[in-house]
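Breakdown of the fold
This is what each chain is made of:
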Amino acid sequence: MCKDGSVHLSPLERVRGQVEVREDFISEDEERALLQELEPGLKKKRYEFDHWDDAIHGYRETERVQWNAACEVVLGRVRSIAFPKGSSLLGPVHVLDLDKTGHIKPHIDSIKFCGSTIAGLSLLSDSVMRLVREDDSAEWLDLLLPRRSLYILRDQARFSYTHEILKDEESFFSGKRVPRHRRISVICRNLPA
């Protein structure tokens, strides 16, 4: 208990139930199916180092509305776990391809473009996502996002904490090095309320 009588909560306790990482959410075969669907379009793009809001460096991105049957099964599973039944979802699925030297700087997604929940599949590489409380940078939490995992951020974890993907040279979790290679994230969002 704090001097003022309030209870001090750790960053993990503050976002309990609002942050989730599900390891091995997809199989190697499902990852391969997603990559086969995405690679032809991504290969036509160059990695960019300027982003409209300066949040991403060393990336290629696209949006997809239509997927093959195998990928649609995977995305259906993501949607059923991450979003309440009947949620209005953002139509296109966002695909973000980070080069090994790329990274995502701390940011909070605009509420103009997406709602209370974001769910992302991590393909090709393990990575570390850092959440930092927007009004208190001393309060932060790292999440290990293993290859083929699903992460979900909801509510205050989305709106009161910045999130970022650490650079390869800064990529540590619990004191251990987590080498970051090329990473593709497949991201589903709900619509703003």
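To be clear, the structure that these remarks concern was listed above.
Residues numbered from 1 in each chain as written. Predicted model: local features only at pLDDT ≥ 70, side-chain atom pairs only at ≥ 80, totals over all residues. Heavy atoms only, no water.

1. A word on the nonpolar core
Counting 24 residues, the largest nonpolar core has L34, L38, W67, L121, L123, I184 and V186 as the members making the most contacts within it. Those elements that place two or more of their residues in this core are α2 (28-43), α3 (69-82), β3 (93-107), β4 (117-123), β7 (150-154) and β11 (183-189). If we ignore the near neighbours within four places in the chain, the residues touching W67 are L34, E37, L38, E72, L75, V93, V95 and V186. Y59, I104, L143 and A157 belong to the second-largest nonpolar core, a separate cluster that totals 20 residues. (Core = buried A, V, L, I, M, F, W, Y, C linked by side-chain atoms within 4.5 Å. Buried < 20%, exposed > 50% of the residue type's maximum accessible area, 1.4 Å probe, protein only. Helix = DSSP H or I, 4+ residues; strand = E, 2+ residues; numbered from the N terminus. Contact = heavy atoms within 4.5 Å.)

2. A word on unusual backbone geometry
The phi angle at D24 is positive, at roughly 50 degrees, despite the residue not being glycine. Its location among the elements puts D24 in the loop between β1 (19-22) and α2. For D24, a relative accessible area of 57% puts it in the exposed group. The phi dihedral of L124 is positive, around 75 degrees, even though this residue is not glycine. Mapping L124 onto the fold places it in the loop between β4 and β5 (127-133).

3. Section: the packing of aromatic side chains
By convention here, two paired aromatic rings are described through the distance between centres and the angle between planes. In this structure the tally under the stated criterion is zero aromatic pairs. Between the NZ or CZ atom of R64 and the centre of the ring of W67, over which it lies, the distance is 5.1 Å. Above the ring of F25, the side-chain terminus of R77 is found at 4.9 Å from the ring centroid. (Phe/Tyr/Trp six-rings, centres within 6.5 Å; stacked < 30°, edge-to-face > 60°. Lys NZ or Arg CZ within 6 Å of the ring centre and 35° of its normal.)

4. Examining the side chain of Q18
Residue placement: Q18 occurs in the loop between α1 (11-14) and β1. From its side chain, Q18 meets the backbone nitrogen of Q156 in a polar contact 3.0 Å long. (Polar contact = N/O pair within 3.5 Å; in protein donor to acceptor, adjacent residues only side chain to side chain.)

5. A short note on the pairing of strand β8 (residues 161-165)
The element β8 is extensively covered by neighbouring structure, given that five of its five residues are classed as buried. Both faces of β8 are covered, namely the face carrying Y161, H163 and I165 and the face carrying T162 and E164. Looking at chain direction, β3 and β8 are connected through two bridges and run antiparallel. From the neighbouring strand, H107 faces β8, where its bridge partner is H163. As defined by bridge partners, β5 adjoins β8 across five bridges and the pair is classed as antiparallel. (Pairing = 2+ DSSP bridges.)

6. Focus: the environment of V19
With respect to the helices, strands and loops of the structure, V19 is situated in strand β1. Setting aside residues no more than four positions away along its own chain, V19 makes contact with L131, L143, I152, L153 and A157.

7. Structural notes on the pattern of salt bridges
Tallying each qualifying case throughout the model produces 18 salt bridges. Of the charged contacts, one joins D168 and K100 as a salt bridge, the two residues approaching to 3.1 Å between their closest N and O atoms. Remark: K100 occurs in strand β3 and D168 occurs in the loop between β8 and β9 (172-173); sequence separation between them is 68 residues. Since its relative accessible area comes to 13%, D168 is described here as buried. When salt bridges that share partners are traced, they join E28, E31, R147 and R148 into one network. (Salt bridge = Lys/Arg side-chain N within 4 Å of Asp/Glu carboxyl O.)

8. With respect to the state of the cysteines
Evaluation of the coordinates by the stated rule reveals zero disulfides. Just so you know, C71 is unpaired, no disulfide at all, and the nearest cysteine sulfur is the one on C188, 12 Å from it. Assessed through its relative accessible area of 1%, C71 is described here as buried. (Disulfide = S-S within 2.5 Å.)

9. Here's the deal with the packing of α2 against α3
As a packed pair, α2 and α3 sit with axes 9 Å apart at the nearest point and diverge in direction by 115 degrees. Considering how the two elements wind past one another, α2 and α3 form a crossing that is left-handed. Each of E30, A33, L34 and E37 in α2 lies in contact with α3, whose residues at this interface are A70, C71, V74 and R77. For the contact of α2 with α3, the class distribution of residues is five nonpolar, no polar and three charged. (Axes fitted to C-alpha atoms, helices over the stretch in contact; angles between N-to-C directions. Left-handed = near helix turned anticlockwise from the far one by under 90°. Nonpolar A, V, L, I, M, F, W, Y, C, P; charged D, E, K, R; others polar.)

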